[in-house]
Each structure stands twice: as C-alpha cells, then as structure tokens.
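# Secondary and tertiary structure notes
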Amino acid sequence: MAKVTIDGISVEVPDGTTILQAARMIGGDIVPPTMCYHSKLKTSGGYCRTCIVKVTKGSEKDPRPMPKPVASCRTTVMDGMEVQNLTSPDLLEARAGVVEFLLINHPLDCPVCDQAGECDLQNLAYENGKAGTRYEFPRREFERIDIGDKIQLHMNRCILCYRCVKTADQVTDGRVHGVINRGDVAEISTYITNAIDNDFSGNMIDVCPVGALTDKTFRFKSRVWYTKPMDAHCKCTKCSGKVRLWYKGEEVLRVTGRRDQFGEVTDWICNECRFEKKKTSDWTIEGPAHIDRDSVISANHYESLKALKADIDRQRKALPHGDKVTLGHGALDPNNQ
Amino acid sequence: MALTNRSKTVTVRELTWSEKLYLPAIFKGMMITFSHLFKRTPTIKYPDVKREIAPVYRGQHVLKRDEAGAERCTACGLCAVACPAEAITMESAERKKGEENLYREEKYASIYEINMLRCIFCGLCEEACPKEAIFLTDRIVPSSFTRGEEVFGKDKLVETTESPIDVTLRQRPEVLEFKKDKRHYHNRTFKDAKPRINKHH
C-alpha cells in the first residue's frame with residue numbers, strides 16, 4: 001500500500017496504482033481531465049497530456065519534486081507522494097497550453113458537429129482552455145471517409161488519442177484500422193478505406209472523445225441536448241445488451257453504450273444493438289440515465305464550474321506569493337468564459 | 001350579501017324637458033366631431049408613411065447569407081435553446097456535393113420556422129447565434145388572417161441575394177461593444193483572410 005496526497009487529500013492505494021486512478025478513488029473536482037486514457041482499454045493513455053499533474057514530493061524516501069509535470073495516467077504512485085492538480089496555478093497554465101495545442105488543428109465547428117454537447121474536448125476547452133486562439137495558419141483538412149456504411153470518419157476533428165485504434169485492436173478481431181503516417185500528417189486510416197465489418201466496430205464511435213467518428217444513422221438528426229437518455233437492455237447473444245437509448249419524443253434516435261461518471265464506456269455493445277434496434281419494443285426500459293459529468297445535458301454544468309473556479313481563485317490568493325502569480329489572458333476568470 | 005363595500009345602487013332618473021328634446025346633446029356631440037376636423041391627426045398612414053423607430057427596435061428576423069451568397073445558418077439549434085418563447089424550430093440536413101454555393105457549412109437547416117405569434121422579439125436568438133446568421137431587423141411583421149400564416153418558414157426568413165436586408169441599424173457601437181467577446185474566428189476562412197462580417201458593416 002502507498003499513501004498519496006492529491007491537492008491536500010490523502011488516500012491509501014495499492015502499489016502500482018496510477019496517480020489518475022488514485023485521484024478517481026478520491027473523486028470530485030480534483031480528478032484530472034482525460035482525453036486519451038480509457039479505463040476499459042489496455043495501454044491507453046499517455047498521448048494527450050491533458051491529465052498532467054505536478055508532483056511536489058516524489059516519495060517518502062526521495063522527497064525531491066519531479067522536475068516537470070507528469071502524465072497522471074501513466075505515472076504510478078509512490079508512498080508519501082504529494083501531488084498538486086487544481087491547487088497549482090503553474091499546472092493549470094500548462095494544461096491550458098495543452099488544450100491550446102489540441103485545438104490547433106481541431107476545427108471550431110461545434111455548431112455543425114454531432115458530438116457537440118457531449119464532447120470531451122468541448123468540456124476540456126471550456127474548463128481548462130482559453131477563450132481565444134492565437135493560431136493564424138490553415139488547419140489540416142481531410143475529405144470525410146465512410147468506415148463501413150454506419151460510421152463516418154471526419155479526420156479534421158481527430159486529436160489522435162488512439163482510443164479507436166485500441167478499441168479496434170482489443171475489442172474487435174481482425175484489425176484493419178490504425179494510424180498511418182507520423183507527426184503532423186498522422187491520420188486514422190483503414191488502409192485505403194477498407195470497410196470495417198465487425199460486430200463491435202461501432203464501439204469506436206463511443207470511445208471517440210471528439211466528433212471524428214460519428215454514427216451515420218444519427219447524423220444531423222438532432223442536437224444532443226434535445227434528446228433524452230434512457231438506460232435499457234435486451235437479450236443479445238453477441239454483447240451484454242446493456243445500452244443507452246437517446247429519445248426525441250417517442251422516437252429512438254440513437255443507441256450508445258453506457259458510460260461511467262468519467263465518460264468512459266462500461267459495456268461494449270454490438271453493431272446490431274447499436275444500428276438496427278431503434279424501436280422501443282426492442283428494449284426493456286430501465287429508466288432515465290443519469291448524466292453526471294461529461295455533458296452539457298446535465299443541468300447547470302458550466303454554472304457549477306464557475307463556482308468551482310471562483311473557489312480555486314480564492315484558494316490561489318491564499319497561496320504563498322499568490323500575488324506574484326500571473327495567469328494572464330483571463331483564462332480562468334469565470335466572467336470571461 | 002354584498003361582496004364588497006364599494007357597491008353602488010343605480011337608479012334611473014327621470015329626464016328633464018330639455019334632455020327629452022335630445023337636440024342640445026346632438027348639437028354638443030356634433031361640435032366635438034367637427035372640432036376634430038381642424039386638429040392634427042395622430043394617425044400614420046402605414047405603409048405609405050412610416051413611423052420613426054428607435055435605433056434599437058427589434059422587428060422581423062432575417063437569416064443572412066454570406067458574401068458568396070451561401071446561407072450562414074448551420075441549424076446548430078442554439079437560437080432555439082436560447083428562445084424563451086420556444087418560437088423557433090428547425091430540422092437539419094446534410095449538404096450534398098455541388099451545393100457549396102448554397103450553404104456555407106456541411107450541415108444546413110432544411111426547415112427553419114419562427115412562430116411570429118409566439119416570438120417576443122427579445123433578440124436572444126441573435127445573441128446566441130455563433131454563425132452571425134440570424135438578426136432582428138427594423139421591419140414590422142405583417143399581420144395576417146390566419147395563425148398558420150404567422151409561422152414564418154425559410155421562404156420568408158432567408159434574404160435573397162438580389163435584395164439583401166440591411167441589419168446595420170441595430171449594430172451600433174454600444175451593441176458591438178457588448179458583442180466584442182464573441183470573436184468569431186471560425187466564421188473566417190483562410191481563403192479570404194478578411195473577417196467574414198456583414199457586407200453592410
């Protein structure tokens with residue numbers, strides 16, 4: 001067992017736990033945001049750097065702080081480790097920089113995008129980013145690609161989190177989907193638009209934190225916040241059959257997997273459940289789904305955020321040399337969002 | 001039993017002789033009528049004459065097109081969310097190849113309706129619009145005989161390329177100062193580096 005302190009809150013965790021998992025055990029607002037880490041996918045994480053934290057004390061034996069912010073999803077805890085997330089202004093500034101980099105090539109077409117309203121990147125930018133962009137150059141542009149007849153890939157929006165690649169690798173068999181090229185020209189590809197016809201390929205829509213992979217059967221049908229999520233299940237021979245239905249009126253517009261409080265899919269569902277069963281009679285309704293953290297659907301999502309930020313500002317002022325901290329750009333000014 | 005203590009008993013009084021003649025009363029009434037012939041009339045003969053309106057007047061909406069003549073609206077639904085009267089409904093559709101000159105983004109509103117009877121002309125739709133597509137203008141919503149005619153579709157809302165609607169009247173310095181935080185970078189393309197703003201600005 002190791003004792004780790006995150007933002008002043010201590011928790012005892014088993015050895016080998018990552019800082020992110022330890023933070024999730026504590027829960028609440030101190031959990032670092034994640035884009036590429038997914039608890040159900042092995043070897044995910046480490047690409048996006050949004051979950052960075054500041055380690056102010058390495059361990060009980062070696063109390064030196066770590067020289068740079070570390071990715072909490074990949075760094076394991078040590079006994080006596082002290083970690084700062086929200087309480088470190090430097091770290092929040094660094095995270096704002098990460099968000100700015102993620103948004104460099106991401107088009108600001110949220111009014112068009114189907115993911116808007118339940119988009120991890122949208123939430124991340126609202127909560128940790130800056131209001132404006134300094135980028136003045138053309139963004140990457142790709143033609144839209146159809147992956148099979150039900151999934152559309154819009155590479156413009158991709159942030160290369162590799163979640164869909166891990167899904168294709170670990171959930172489906174016979175992998176035909178990966179990342180080609182490197183660096184600035186890297187893109188998700190199916191090797192010359194090979195159709196993916198696998199029973200579980202639809203799960204890559206759910207794991208995509210942005211609107212790069214979208215459900216073509218739901219395309220432009222409705223904005224997310226007009227639909228009502230309901231948990232439902234059915235007897236399915238291929239998958240667990242536990243899904244979330246998105247209703248508009250009496251009509252099921254979309255079927256997705258269920259997500260946990262961190263927006264990560266809990267049960268993989270098969271394509272038949274996802275794309276074919278769009279009638280209420282196909283399902284046993286359990287009740288309205290509780291959308292907690294990952295969506296504007298939850299009431300006053302950004303309002304509670306404002307309160308949190310005001311609270312952080314108060315804490316910051318209490319820090320030593322607080323008056324010297326210049327965050328600049330009004331990045332965390334609640335009135336500026 | 002009286003409900004209040006303010007009730008008043010009405011009695012019919014017998015008319016006097018001069019009142020029974022009726023002529024003085026008729027004469028008195030005609031005097032009032034004729035006197036109005038020589039007074040200034042407050043009636044404005046709309047639409048030949050138009051009343052002067054305040055610069056912040058909010059009238060019938062317009063859905064603007066961009067400089068190339070493509071519709072700006074992408075059916076994002078934020079105006080409908082912002083609308084306190086729930087007057088706005090829309091349905092979106094995907095732009096097909098070859099329609100790039102008609103719609104600016106890959107999604108557009110195939111149906112866009114504002115119920116002018118529900119609308120309270122608050123201007124929140126204009127404020128919410130991220131694409132600078134919807135504006136309230138200085139035009140008065142015409143009256144009609146049926147309720148159905150007051151639901152304005154795209155045929156009445158979208159401006160034509162031949163006769164663009166001027167929306168500059170309300171875009172006064174104070175309004176622009178209020179809107180200054182809405183820096184619409186995404187409404188700018190890199191092909192034409194100048195900001196995509198209204199032609200009339």
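Residues numbered from 1 in each chain as written. Chains lettered and ligands numbered in written order. Predicted model: local features only at pLDDT ≥ 70, side-chain atom pairs only at ≥ 80, totals over all residues.

### Quick look at the overall build of chain B
Scanning chain B for helices and strands turns up 6 helices and 5 strands. Going from the N terminus to the C terminus, chain B shows its helices and strands as α-α-β-α-β-β-α-β-β-α-α. In chain B, which comprises 201 residues, the proportion classed as buried is 18%. For chain B, long-range pairs separated by at least 24 residues make up 76% of all intrachain contacts whose partners lie at least 6 apart in sequence. (Helix = DSSP H or I, 4+ residues; strand = E, 2+ residues; numbered from the N terminus. Buried ≥ 20, exposed ≤ 12 C-beta atoms within 10 Å, placed from the backbone. Contact = placed C-beta atoms within 7 Å.)

### Regarding the overall build of chain A
The helix and strand inventory of chain A stands at 7 helices and 14 strands. Taking all 337 residues of chain A together, 39% fall into the buried category. When contacts within chain A are restricted to residue pairs at least 6 apart in sequence, those whose partners lie at least 24 apart make up 65%.

### As for the interface of chain B and chain A
The partner chain A presents 12 residues to the 17 residues of chain B that form the contact. Those elements giving two or more residues to the side of chain B that touches chain A turn out to be α3 (78-82) and β2 (88-94) of chain B. Among the elements that line the side of chain B that touches chain A, the one with the most residues is β2(B), at 3 residues. A class-by-class count of the residues in the side of chain B that touches chain A yields 7 nonpolar, 4 polar and 6 charged. (Nonpolar A, V, L, I, M, F, W, Y, C, P; charged D, E, K, R; others polar.)

### With respect to the nonpolar core
Formed by 64 residues in total, the largest nonpolar core has its most connected members in Leu121(A), Ile159(A), Cys164(A), Cys208(A) and Leu213(A). Here this core gets 4 residues from one element, more than from any other, and that element is helix α1 (residues 19-26) of chain A. Both domains that furnish three or more residues to this core are identified here as domain 1 (2-102) and domain 2 (120-288) of chain A. Not counting residues up to four positions away in its chain, the partners in contact with Ile159(A) are Met35(A), Cys48(A), Leu102(A), His106(A), Leu121(A) and Val210(A). Counting 24 residues, the second-largest nonpolar core is a separate cluster that includes Ala75(B), Leu78(B), Tyr103(B) and Met116(B). (Core = buried A, V, L, I, M, F, W, Y, C linked by C-beta atoms within 7 Å. Domains from an automatic or database assignment.)

### A short note on the sheet that holds strand β3 (residues 107-115) of chain B
All names here are of chain B. In spatial order, the strands read β2-β3-β5; together these 3 strands make up an open sheet with antiparallel pairing. Two strands in the sheet have a free side with no partner beyond their single neighbour: β2 and β5 (151-152). Pairing of β3 with β5, which is carried by 2 bridges, proceeds in the antiparallel orientation. Within β5, the residue paired with Asn-115 across the bridge is Val-151. (Pairing = 2+ DSSP bridges.)

### Section: unusual backbone geometry
With an omega of 0°, the peptide bond between Tyr46(B) and Pro47(B) qualifies as cis. Secondary-structure assignment places Pro47(B) in the loop between α2 (23-35) and β1 (61-63). Phi is positive for Leu160(A), close to 55°, though the residue is something other than glycine. Tracing the sequence through the fold places Leu160(A) in the loop between β7 (151-153) and α4 (163-170). Even without a glycine there, the phi angle at Phe121(B) is positive, about 55°. With respect to the element layout, Phe121(B) can be found in the loop between β3 and α4 (124-128). Residue class for Phe121(B) comes out partly exposed when judged on the 16 C-beta atoms lying within 10 Å of it.

### Describing the pairing of strand β5 (residues 81-84) of chain A
Bridge analysis of strand β1 (residues 2-6) of chain A against β5(A) gives 3 bridges, and the strand direction is parallel. By the bridge assignment for β5(A), Ile6(A) is matched with Val83(A).

### Side note on the sheet that holds strand β3 (residues 52-57) of chain A
Pairing between the strands of a sheet comes from backbone hydrogen bonds, and it takes one of two forms, parallel or antiparallel. All names here are of chain A. A sheet is described by the order of its strands in space; here 5 strands give the open sequence β2-β1-β5-β3-β4, paired in mixed fashion. Either end of the sheet is taken by a strand with one partner, and the two such strands are β2 (9-13) and β4 (70-71). Two strands pair when backbone bridges link them, and β3 and β5 are joined in this way by 3 bridges, in the antiparallel orientation. The partner of Lys-54 across the bridge, within β5, is Gln-84. In the packing of helix α2 (residues 89-102) onto the sheet, the strands contacted are β3 and β5, and the crossing angle to β3 comes to about 155°. (Axes fitted to C-alpha atoms, helices over the stretch in contact; angles between N-to-C directions.)

### Considering the packing of α2(A) against helix α3 (residues 120-128) of chain A
For any two helices packed against each other, the geometry comes down to the angle between their axes and how far apart the axes lie. Residues and elements named next belong to chain A. In contact at an axis separation of 10 Å, α2 and α3 are set at 140° when each is read in the N-to-C sense. As judged from the angle between their axes, α2 and α3 are oblique. As for how α2 packs across α3, the hand of that crossing is left-handed. Across the interface between the two elements, Arg-95, Ala-96, Val-99 and Leu-102 of α2 pack against Leu-121, Leu-124, Ala-125 and Asn-128 of α3. Among the residues making up the contact of α2 with α3, the classes are represented as 6 nonpolar, 1 polar and 1 charged. (Parallel < 35°, antiparallel > 145°, perpendicular 65-115°, else oblique. Left-handed = near helix turned anticlockwise from the far one by under 90°.)

### Observations concerning the confidence of the model for chain A
All names here are of chain A. Averaged over every residue, the pLDDT of chain A is 82; the share at 70 or more is 83%. No element of chain A has a lower mean pLDDT than helix α7 (residues 301-318), which averages 61, and none a higher one than β4, which averages 95. Within the model, pLDDT remains below 50 along residues 321-337, and this stretch shows 20 contacts once partners closer than five positions in the same chain are excluded. (pLDDT = per-residue confidence, 0-100.)

### Here's the deal with α1(A)
Every buried residue of α1(A) is accounted for by Ile19(A), Leu20(A), Ala22(A), Ala23(A) and Arg24(A). Phi for Gly27(A), located one or two positions after α1(A), is positive at around 80°.

### Thoughts on the confidence of the model for chain B
Mean pLDDT for chain B: 84, with 88% of residues reaching 70 or above. Both confidence scores are given for the complex: pTM 0.76, ipTM 0.72.

### Focus: the environment of Val83(A)
Residue and element names in this part refer to chain A. With respect to the secondary-structure elements, Val-83 resides in strand β5. Linking Val-83 and Thr-5, residues 78 residues apart in sequence, is a C-alpha distance of 6.0 Å. Not counting the four nearest positions on each side in its chain, Val-83 is found in contact with Val-4, Thr-5, Ile-6, Ile-19, Val-53, Lys-54 and Val-55.

### Thoughts on the pairing of β2(A)
Residues and elements named next belong to chain A. Bridging between β1 and β2 involves 5 bridges; their strand directions are antiparallel. Paired with Ile-6 across the two strands is Ile-9, which belongs to β2. Here β1 folds back onto β2 in antiparallel fashion, the turn holding 2 residues, of which Asp-7 has a positive phi close to 50°.

### What about the environment of Cys36(A)?
All names here are of chain A. As for its placement among the helices and strands, Cys-36 is situated in the loop between α1 and β3. Expressed as a C-alpha distance, the spacing of Cys-36 and Glu-251, which sit 215 residues apart in the sequence, is 32 Å. Those residues within four positions of Cys-36 in sequence are excluded, and the remaining contacts are Ser-44, Gly-45, Tyr-47, Cys-48, Cys-161, Tyr-162 and Arg-163.

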